[in-house]
Amino acid sequence: MKRDQPIYDVIISGAGPVGLFLACELALAKSRVLILEKSENLQSPFKQLPFGVRGLSASSIEALYRRGLLDELEIHKRLKNPHANSVQQGPLRQVGHFAGIPFHEGNIDTSKWKHRLESSTETNLISEMQEMETILTRRAEALGVEIKRGLPLTSFQQTDERVTVQSGDQTFQGQWLVGCDGARSVVRKSGGFEFAGTEPEFTGYSTKVDIADPEKLNPGRNLTERGMYLQSQPGFIVIQDFDAGEFHSSERTITREHVQEVLRRISNTDVTITALHFATTWTDRARQATSYRNGRVLLAGDAAHIHSPLGGQGLNLGLGDAMNLGWKLAATIHKKAPEGLLDSYYTERHPIGAQVLDWSRAQVMIMKPNPQARALNSIIRDLMETTDVSTYMAARVWGIFTHYDLGDSHPLVGYSVPNFEFEDGRRIGELMQYGQGILLDFNTNSSLKTLAKEYGDQVKYVSGRAKEQLGLSTMLIRPDGIIAWASDKEPDEQSIRQAASIWFTQFIS
Ligand SMILES: Cc1cc2nc3c(=O)[nH]c(=O)nc-3n(C[C@H](O)[C@H](O)[C@H](O)COP(=O)(O)OP(=O)(O)OC[C@H]3O[C@@H](n4cnc5c(N)ncnc54)[C@H](O)[C@@H]3O)c2cc1C
């Protein structure tokens with residue numbers, strides 16, 4: 001290592017969406033961040049439409065909105081519907097699916113989602129990986145993050161004080177290392193993390209091919225007696241082959257002949273593929289790190305949890321990790337973290353990850369090409385026609401009720417703050433751009449303004465009447481938008497201080 005090399009606050013391995021979003025959160029909180037990224041550039045056909053399409057859930061949309069990034073996403077403005085096989089508009093428009101069973105807009109009763117307001121952001125949007133990474137790269141660089149591309153993390157060592165990271169013959173030092181290096185994370189594998197879970201049922205293929213006789217295939221998603229194939233646009237074929245993940249694990253080269261053989265078998269046709277332009281495979285292996293931290297090394301995103309892309313939740317889960325971890329790690333670096341703050345990253349995020357893994361396992365079980373799965377599949381298909389089930393499915397897929405167990409002092413504690421709109425037009429989400437906590441006071445009580453000052457720049461005091469207040473008088477909101485404390489009555493300052501002491505350091509008492 002060269003003598004004058006800096007010691008970064010945090011080194012992040014991987015400039016995927018999670019690494020980039022985390023870097024932005026850390027830099028927003030004035031931390032010095034280096035990202036090492038294996039790829040030379042971020043262009044890839046698998047990050048572009050249609051394979052690069054990613055459904056964003058309510059919590060990701062809120063996260064981007066709260067940091068002023070939502071308006072920069074352009075793809076969804078021209079491609080409203082992520083479900084290419086849905087030709088219907090209006091109430092019959094398909095807005096999501098469970099195991100390929102669609103749910104429709106008209107069957108979702110959003111009035112059941114009590115804390116979503118007129119002014120709330122969307123519940124779901126389409127995005128494209130490449131666009132997302134481009135936007136996040138721009139923001140990270142503007143905030144001073146250093147991104148070194150073409151430099152994979154190859155190994156690291158940690159002491160009580162710092163982490164030394166190697167990329168080939170280059171060495172970097174940081175106080176902390178976060179592995180955001182995806183499903184095959186080197187940080188996870190060499191960091192002593194246990195990765196527990198279940199083995200795959202299938203190999204999934206995403207391919208771009210030329211087909212001599214495309215009329216032999218049906219458009220859209222097709223569950224067959226041998227698996228599933230989906231033709232989103234002519235030539236863009238996704239296949240699920242229930243081979244227990246054997247082909248994916250073998251790491252054999254994907255040839256035209258192989259894809260043709262699999263597609264013929266799954267579609268039960270003699271379709272002919274004349275050219276294979278690109279192809280990748282994936283599985284439904286579902287594993288999760290049993291700890292997200294080992295000393296000065298942490299994991300986030302696919303590095304911490306993998307599951308099948310069915311229902312599209314991996315990116316959302318990872319962005320949620322980054323939003324949760326960023327401010328906590330920054331507070332730890334700047335010595336503003338109360339005891340246990342960093343550990344709450346794992347206790348809050350691990351259960352959310354476990355739920356998503358189970359959600360994906362449940363889908364795989366009813367997609368299997370056997371009579372038992374078919375029977376269950378047809379029952380779920382019938383149930384999906386009911387408002388209750390469609391509303392439940394949409395809420396789960398879009399993360400409407402994402403909740404951390406922060407005690408039961410008020411029913412809203414642990415949930416994302418509703419996007420209150422004040423009478424003067426300000427919206428609470430837009431006041432969170434700088435990543436501070438907020439003491440929200442609907443009654444403009446001057447003693448609360450004084451109380452907020454006890455926490456310096458960690459907590460901002462915001463007051464005013466909102467158009468809809470849900471019966472609340474005061475709230476303490478964490479930098480990630482989660483309600484830490486709330487009251488419907490005249491607030492008791494001592495109980496605000498008690499709640500704040502879990503998340504912030506008091507400088508004046
Ligand atoms: C077909 C498919 C469809 C999907 N659809 C959806 C969806 O609709 N919604 C959704 O939420 N999720 C979806 N997902 C999942 C989603 O894409 C992932 O969960 C998400 O990309 C994870 O982000 P990440 O940043 O953790 O990891 P990645 O996106 O994998 O990024 C990791 C980065 O680390 C880099 N890297 C790897 N090793 C190293 C190393 N040693 N050193 C430095 N850098 C390294 C990689 O080059 C990469 O840039 C889908 C996935 C697939 C396969």
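About the criteria used
- Residues numbered from 1 in each chain as written.
- Predicted model: local features only at pLDDT ≥ 70, side-chain atom pairs only at ≥ 80, totals over all residues.
- Heavy atoms only, no water.
- Helix = DSSP H or I, 4+ residues; strand = E, 2+ residues; numbered from the N terminus.
- Expected span 1.5 Å × (residues − 1).
- Buried < 20%, exposed > 50% of the residue type's maximum accessible area, 1.4 Å probe, protein only.
- Pairing = 2+ DSSP bridges.
- Axes fitted to C-alpha atoms, helices over the stretch in contact; angles between N-to-C directions.
- Contact = heavy atoms within 4.5 Å.
- UniProt positions renumbered as here; feature names shortened; annotations may be inferred.
- Near = heavy atom within 4 Å.
- Polar contact = N/O pair within 3.5 Å; in protein donor to acceptor, adjacent residues only side chain to side chain.

**Concerning helix 4 (residues 129-142)**
Point 1. Taking 1.5 Å per residue, 14 residues should reach 20 Å; helix 4 reaches 20 Å between its end C-alpha atoms and fits that length.
Point 2. The buried count for helix 4 comes to 10 of 14 residues, which makes it a mostly enclosed element.
Point 3. Listed as buried for helix 4 are M129, Q130, E131, M132, E133, I135, L136, T137, R139 and A140.
Point 4. Directly beyond the C-terminal end of helix 4, a positive phi value near 95° is found at G144.

**A short note on the sheet that holds strand 22 (residues 459-463)**
Point 1. In space, the 4 strands of this open sheet follow the order 22-21-23-24, with mixed pairing throughout. Bordering the open sheet on either side are strand 22 and strand 24 (483-487), each of which pairs with just one other strand. If you compare each strand with its neighbour and ignore which way they point, the axes differ by 10° on average.
Point 2. In terms of strand pairing, strand 21 (residues 437-441) meets strand 23 (residues 474-477) through 4 bridges, oriented antiparallel. By the bridge assignment, I438 is partnered in strand 23 with I477.
Point 3. Across the sheet, helix 13 (residues 493-503) is in contact with strand 21, strand 23 and strand 24; its angle to strand 24 comes to roughly 175°.

**Some remarks on the sheet that holds strand 17 (residues 286-289)**
Point 1. Pairing is antiparallel in the open sheet, where 3 strands are placed in the order 11-17-20. Edge strands, defined here as strands with exactly one partner in the open sheet, are strand 11 (195-198) and strand 20 (305-306).
Point 2. Pairing of strand 17 with strand 20 involves 2 bridges; the strand directions are antiparallel. Across the sheet, residue Q288 finds its bridge partner in strand 20, namely H305.
Point 3. Contacting strand 11, strand 17 and strand 20, helix 9 (residues 343-365) runs over the sheet at an angle of about 175° to strand 17.

**What about the UniProt feature "transmembrane region" (unreviewed entry) in the chain?**
Point 1. The feature "transmembrane region" (unreviewed entry), as annotated in UniProt, sits at residues 7-29 in this numbering.
Point 2. Taken as a whole, residues 7-29 contains 52% helix and 30% strand, while its terminal C-alpha atoms sit 17 Å from one another.

**Some points on the site of the ligand**
Point 1. Taken together, the neighbourhood of the ligand is formed by 27 residues, with E37, R54, L153, D302 and L315 sitting nearest.
Point 2. Between the ligand and L153, the relevant distance is 2.9 Å, taken from a nitrogen atom to a main-chain nitrogen or oxygen of the residue.
Point 3. With respect to the ligand, the backbone of L315 contributes an N or O atom lying 2.8 Å from an oxygen atom.
Point 4. Of all the secondary structure elements, the ones that give two or more residues to the shell around the ligand are helix 1 (17-28), strand 2 (33-37), strand 3 (53-57) and helix 8 (314-333).
Point 5. Of the residues forming the shell around the ligand, the biggest block, 3 residues, is contributed by helix 8.

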